[in-house]
Amino acid sequence: MIAIGPDQKIEVPVTGVTCNDLAVTKSGFVYFTETPTKRVHCITPDRQHRVADEGHVTRPNGIAISPDQQTLAVSDHGGKHVWTWRIETDGTLTAAAPYMTMQLPVGKHEALGDGMTAESKGRWFVTTDLGIQVFDPLGRLAGIIAKPVPGGKVVSVEFAGKDRDVLFVAAGEKLFSRKVR
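Residues numbered from 1 in each chain as written. Predicted model: local features only at pLDDT ≥ 70, side-chain atom pairs only at ≥ 80, totals over all residues. Heavy atoms only, no water.

### Focus on the pairing of strand β6 (residues 49-54)
- With 5 bridges joining them, strand β5 (residues 39-43) and β6 adopt antiparallel strand pairing. Within the sheet, the bridge partner assigned to Cys 42 lies in β6 and is Arg 50.
- Joining the antiparallel neighbours β5 and β6 is a turn of 5 residues, in which Arg 47 adopts a positive phi near 70°. (Pairing = 2+ DSSP bridges. Helix = DSSP H or I, 4+ residues; strand = E, 2+ residues; numbered from the N terminus.)

Pasting the structure below:
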């Protein structure tokens, strides 16, 4: 894992890990998933590294932080839940819970939860085998956005743009975007 600062200086904040996805809080905590080890890691603003959680999630993958910066969510690529933790002021994670239940494809036991993000109203967007599953702030499935390429795989999702009103989705070798309200 490397970090590139505004001055283009390259740092290596941690070695010996395989970072999958990451999320950064406004206060400077960096959380990332390491799928093969079932770990969620934390790098503190003063560059200290620690394992924040291990073993709750079968295959931790996508990761996002709630708009109020108090909840960390991680999608399970090897199960059907999105797990959440409370982020304490020192960056530790507490109260692990399988908060959201992803819908499964017929006959399968894994939703293949992958990339994820949260938007300003507290809704969560998780890429899965069925498409982008949208959950309300209470963790209830609100709907599924179809894959941009039928039969394809969606792996990442994020809001961007001046007003964070453009939803970007990585599917296959393409990047798709849609302006939202």
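### Some thoughts on the sheet that holds strand β4 (residues 30-34)
- Read across the sheet, 4 strands follow the order β3-β4-β5-β6 without closing on themselves; strand pairing throughout is antiparallel. Looking at which strands have only one partner, the edges of the open sheet turn out to be β3 (22-24) and β6. When the angles between neighbouring strand axes are averaged without regard to direction, this sheet yields 20°.
- Here 3 bridges tie β3 to β4, and the two strands are oriented antiparallel to one another. Among the inter-strand pairings, Ala 23 is bridged to a residue of β4, identified as Tyr 31. (Axes fitted to C-alpha atoms, helices over the stretch in contact; angles between N-to-C directions.)

### What about the environment of Gly 151?
- Among the structural elements, Gly 151 can be located in the loop between β14 (141-145) and β15 (154-160).
- The class for Gly 151 is exposed, based on a relative accessible area of 77%. (Buried < 20%, exposed > 50% of the residue type's maximum accessible area, 1.4 Å probe, protein only.)

### A few points about the environment of Thr 18
- Note on placement: Thr 18 falls in the loop between β2 (10-11) and β3.
- Spatially, the C-alpha atom of Thr 18 lies 8.1 Å from that of Pro 36, the residues being 18 residues apart in sequence.
- Residues in contact with Thr 18, not counting those within four places in the same chain, are Thr 33 and Glu 34. (Contact = heavy atoms within 4.5 Å.)

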